[in-house]
Amino acid sequence: MSAEGKPPTESSLLAYPLGWVTRLVTRFAVPTVAVSIALALVALLLSATRLGFRTSRLDLIDSESNFNRLWVEYIDEFGDEDDVVVVVEGANRDEVVPVLQTISTELARRDRLYNAVLHEVDLSMIRSKGLHYLEERELYAIEGFLDRVDPIVHGQWGRLNLGHLFQGLAEQLRATANPSSQAAQQAVQRDVAQLAESLQAAMYERGRYQSPWPGMPCLVSTLSELSSEYLLFDDGRLGLVLLRLAKHDKESFTQGSAAIDELRSLIRDIEQRYQHECPEIKIGLTGLPVMENDEMRISQVSMMEASLLSLVGVACLFIAGFGGLRHPLVTVAALLLAMAWSFGYITMTVGHLNILSISFGVILIGLGIDFGIHYAARYLQLRGTIRHSDEALIKTSQSVGPGIFTGAITTAIAFCTAGLTEFTGVAELGIIAGGGIVLCCVAAFTVLPAMIHLSDGKRPGENLPAPLDIHGWLQPLFRRPRLLLAVTLAGTLMVGTGMSQLWYDHNLLNLQPDGLESVELEKKLLSDADQSVWYALSIAESPEQLLTLKQQFQALDSVEKVVDIAKFFPVDHAQKRPVIERIYARMASLPEGPPRIPVDPPADLGRAIAQTQALIADNPHTQRTQRQLEQIRHMLRCTPMTECYGRLSDFQQRMAGDLLSRLHMLRAMANPEPPRLADLPESLVTRFVGQDGRYLLKIYAKGDIWNMAAMEKFVQDVRSVDPRATGNPLQTYEASRQMKRSYEQAAWYALVAILLVLFLDFRSVRYTLLAIVPLGLGVLQLFGLLGYLGIPLNPANMIVLPLILGIGVDDGVHVVHDFRRQTGRYRMSASTASAVVITSLTTMVGFGSLMIASHRGLQSLGRVLTLGVSCCLFSSLVILPALLAWMSRHCADGLSDTEALDTEAFDTEADGTSLAERLDPGGRKIHRWDEAHHPGTSRFATPQDRSLRVGSARDEHR
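Conventions and cut-offs
Residues numbered from 1 in each chain as written. Predicted model: local features only at pLDDT ≥ 70, side-chain atom pairs only at ≥ 80, totals over all residues. Heavy atoms only, no water. Helix = DSSP H or I, 4+ residues; strand = E, 2+ residues; numbered from the N terminus. Buried < 20%, exposed > 50% of the residue type's maximum accessible area, 1.4 Å probe, protein only. Contact = heavy atoms within 4.5 Å. Areas by Shrake-Rupley, 256 points an atom, 1.4 Å probe, with all protein chains shown as cover. Salt bridge = Lys/Arg side-chain N within 4 Å of Asp/Glu carboxyl O. Expected span 1.5 Å × (residues − 1). Arc of directions from axis to C-beta. pLDDT = per-residue confidence, 0-100. Phe/Tyr/Trp six-rings, centres within 6.5 Å; stacked < 30°, edge-to-face > 60°. Lys NZ or Arg CZ within 6 Å of the ring centre and 35° of its normal. Axes fitted to C-alpha atoms, helices over the stretch in contact; angles between N-to-C directions. Parallel < 35°, antiparallel > 145°, perpendicular 65-115°, else oblique. Left-handed = near helix turned anticlockwise from the far one by under 90°. Nonpolar A, V, L, I, M, F, W, Y, C, P; charged D, E, K, R; others polar. Core = buried A, V, L, I, M, F, W, Y, C linked by side-chain atoms within 4.5 Å. Patch = residues over 30% accessible without salt bridge, like charges linked within 9 Å, V, L, I, M, F, W, Y side chains within 5 Å. Pairing = 2+ DSSP bridges.

For the protein, the count of helices and strands is 36 helices and 15 strands. Within the protein, the proportion of its 958 residues that are buried is 56%. A separation threshold of at least 6 residues defines the contact pool for the protein, and within that pool the share at least 24 residues apart is 82%. A total of about 40,300 Å² of accessible surface is found on the protein, and carbon and sulfur atoms cover 56% of it.

And the structure:
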């Protein structure tokens, strides 16, 4: 291909050293295999004793990032334990509350597994200090009320005689009759109205009582009526029990499994116990620790199933592709040894696995096996013309070894460049997978040749299986390379237009298995109770700052509510305490019950009421009260005397008892000592007060927190109030962006490094660019298909970027090396075609097995990677060969790669004697004809037959 600048043969700087390594390991095959197995055993033992597991998402984030430092600061103050949430659903409050109490009691008995159990806020200790929660003006109003009833408090209970009360009200109305006392007069009129309405009700229906006393402040009434606040929502139909798991199984990849399993068993038993009486009772489990545990356990099982399935699938493909069992088995054995070495490498370098890097096993199975496939395919093709296995192994290393080495290095670089990114999870995965790929390459050049030598050393070449003739099936496509190239490129451009519809899904809940209880309950809490386990966190230095921050957060449009402990710690103690002390002192000697209050004759009472009625007659706002007073006078006249005395006496005594009860209630809440932390349940305090006495606010978002636009608005709003705010939504928002950015950065870093390595290998810009054609076209096709199929990118499947880089470049490298080994118009060799197809299929099986996983994140990873490998395979097997065939269309025809193999068998050895002459000293030179290219021909032929067939092959090229 002089016109195209194509060299007559390929020369690589790696050919000689790789051949030397192969010669060395085949000479010492048994020690090589023995040392490899020993190293694998040591690596496995080392990892079993020293390899750790990090299950927290915090371990995936750069510890030096600003948002992570804020999270660490929160953990140092409040701990790293998140709440497990038991959700109880029922028909009403009366059904839900007993279940909450039963669950809390049972959990308290299992304190070795659970702590900080909270289903209610016990206010019994705080009630004695209830007046501290009132504003100063309300306290002064209570003092004013005590001034009015002060004579009664000091024993003058006769003042509650109805006649005396109405006479007193009449005197107050006369005293406030002038215009300057209008406000005071209106207050007296309200008192008259309350007393009239209450007395009317008692006179019309004996036994009925309506309090005439002024209503107590709302907060005092609430505190007096409640001894606890249950965690109830949705009008009492939904209740929560919060708890925290005791720290066990710290090094387990599914941390807390034992405690969660026992908790699920417990709530099933309680649910069955209550469903006989309350069929609508349902109990479920959610919370961040439960969702993470469910995710870890499901992903772990899915990974194990996928790994086993991929190994079986890869082995079956080997057998089908290579037509035998022995070579696939030794190739898989070499891969397994490399994977064992990888565990030792991980233990000595990173020292642990995280929830991302646990996938390295599937990565190595999918990619690491490629090197062995290319090696075995080329070796089997060479053994068709080379009798001795050692010589075939050396020539294999020298011919496809540079391509394997370059492909391995570029793939390893594609992963290792992720170590330069800021997202720790991606960086660790890159370092682990990159090192593992290198070890798989080392095994392909050391263990695999040694094992093949031991299995094939005494076997004749004609008894070995031949790889599947892939390239023979493809040859009809390349008869018109220009047309094929135009059609495939046009199709690629059309598919690529789907990139405009590609999007990124940040919602972590969409990665969980369908129907998972913990996820469904989290969605229910978010929709029915606005009680998601995802909320922002803000830390206040003092109660005063806490109240200020709460007010600012509540004013934000994106905030639904703010939960804190501020309402239990009122401010302005210094100003309130003297007033509360005075109130308490005035009620120090209250009697246990009121004395008997004398009853006036009905006629005398009627005259007192008439005086009051006359004083309000000129006021149009008191018409209702006038009618009520008239009706009372009518009842006093019409009711029998005994009945009338009874109703009046009953009303007076109940009114006195009502007043005394209110005074006792005030005294019970008038403890001058301000509320303290010790007055509240410890399970509540630990959630809102830190070790250094700082206070926590939980800020809940309005709307769907998993919508990225809503999350971004929420994060920005929260930070506008508190720039140091943290919490799961902020962590997820920043980590998701950082992870996405890290994968993109890793892809660009890897592309630059790969181009450099390819240039060093090919020493040509032209061949470097040709080698990345499958990568570029494959990525374009993949992203276009994802857009058309509606498959989004997400935090789970973004790992395809470095994987596709490695796969696409690896295929392109082998095709370009195959092109450089030929001198005529390009025809893909049988070994290259078979190896590219089998490696791609094994990768698709390795990662496609993830599509059976119940974990939707792993499903998406398998789906996207299978599509990506298919696109790279199509580009490598059809588009790039068509391009190379068109580029070499004007080349003078020479020997094809297969014909060159036939010629190599008769090359002169170092002693000047050809291999054929040594095989047949009498001069009848025989060789094995390549049945893959010329089926139906005799397996052995004379030199004259060989010349005729080579000439025929050249005619076919023309």
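There is more to say, and it comes next.
Here we take up the pattern of salt bridges. Taken as a whole, this structure holds 34 salt bridges when the rule is applied. Put simply, Asp-150 and Arg-586 hold a salt bridge, and the shortest N to O gap is 3.5 Å. Here Asp-150, found in helix α6 (residues 150-153), pairs with Arg-586, found in helix α22 (residues 573-586); they are 436 residues apart in sequence, far enough to count as distant. Among the charged side chains, a salt-bridge network with shared partners connects Glu-73, Glu-77, Glu-541, Arg-694 and Arg-724.

Before going further, it helps to spend a moment on helix α1 (residues 15-27). With 13 residues, α1 extends 18 Å between its outermost C-alpha atoms, agreeing within 8% with the 18 Å of an ideal straight helix rising 1.5 Å per residue. Turning to α1, its buried residues number three or more, namely Ala-15, Leu-18, Gly-19, Thr-22, Val-25 and Thr-26. Considered in projection along α1, the buried side chains sweep an arc of 130° and stay on one side of the axis. The exposed set on the far side of α1, more than 90 degrees from its buried face, consists of Tyr-16 and Arg-27. Buried residues in α1 make contact with α2 (29-50), α13 (360-382), α14 (389-399), α15 (401-416), α16 (424-445) and α17 (447-456).

In this model, the protein carries an average pLDDT of 79, and 85% of its residues clear a pLDDT of 70 or more. Mean pLDDT in the protein bottoms out at strand β14 (residues 927-928), which sits at 34, and peaks at α2, which reaches 93. Of the regions scoring below 50 in pLDDT, residues 1-10 engages in 23 contacts with residues more than four places distant in sequence or in other chains. Long-range and interchain partners of residues 894-958, a stretch whose pLDDT sits below 50, account for 95 contacts in this model, where long-range means more than four residues apart.

Take the packing of aromatic side chains next. All told, the structure shown has nine aromatic pairs when counted by the stated rule. Between Trp-71 and Tyr-74, the ring centres sit 5.2 Å apart and the planes meet at 45°, which makes this aromatic pair tilted. Taken together, the positions of Trp-71 and Tyr-74, both in helix α3 (residues 66-78) and three residues apart, correspond to about one turn of that helix. Of the two residues examined, Trp-71 and Tyr-74, each falls in the buried class. What links up through ring pairs into an aromatic cluster is the set Phe-762, Tyr-767, Phe-819 and Tyr-826. Against the face of Tyr-700 rests Lys-561, its NZ or CZ located 5.0 Å from the ring centre. The side chain of Lys-698 reaches across the aromatic face of Phe-688, ending 5.0 Å from its centre.

Put simply, helix α12 (residues 326-348) and α16 touch, their axes get as near as 8 Å, and they point 140° apart. It follows from the interaxial angle that α12 and α16 lie oblique. Between α12 and α16 lies a crossing whose hand is right-handed. In this structure, α12 contributes Ala-334, Leu-335, Ala-338, Trp-341, Ser-342, Tyr-345 and Ile-346 to the contact, and α16 contributes Ile-431, Ile-432, Gly-435, Gly-436, Leu-439, Cys-440, Val-442 and Ala-443. In the contact of α12 with α16, the residues fall into 12 nonpolar, three polar and no charged.

With that settled, the discussion passes to the nonpolar core. The biggest cluster of nonpolar side chains holds 130 residues, and the ones touching the most others in it are Ile-363 and Tyr-743. Ranked by the residues each element gives to this core, the list is headed by helix α33 (residues 856-887), at 16 residues. Contacts of Tyr-743, omitting those with residues within four sequence positions, involve Leu-356, Val-426, Leu-429, Pro-795, Met-798, Ile-799, Leu-801 and Pro-802. Listed in part, the 49 residues of the second largest apolar core include Phe-166, Ala-202, Trp-213 and Met-635.

Looking now at a nonpolar patch on the surface. A contiguous nonpolar patch, built from Leu-756, Phe-759, Leu-760, Val-765 and Leu-769 and spanning about 500 Å² of accessible area, is present on the exposed surface. For the nonpolar patch, the elements supplying multiple residues, two or more each, are α28 (728-762) and α29 (765-771). You can see Leu-760 is positioned in helix α28.

What follows covers the pairing of strand β2 (residues 84-89). Counting buried residues in β2 gives five out of six residues, a clear majority hidden from the surface. In the sheet, β2 pairs with strand β7 (residues 238-245) via six bridges, with the strands oriented antiparallel. Across the sheet, the residue bridging to Val-84 is Leu-243, located in β7. Here six bridges tie β2 to strand β8 (residues 282-287), and the two strands are oriented antiparallel to one another. Looking across to β8, one finds that Val-84 is bridged to Gly-287.

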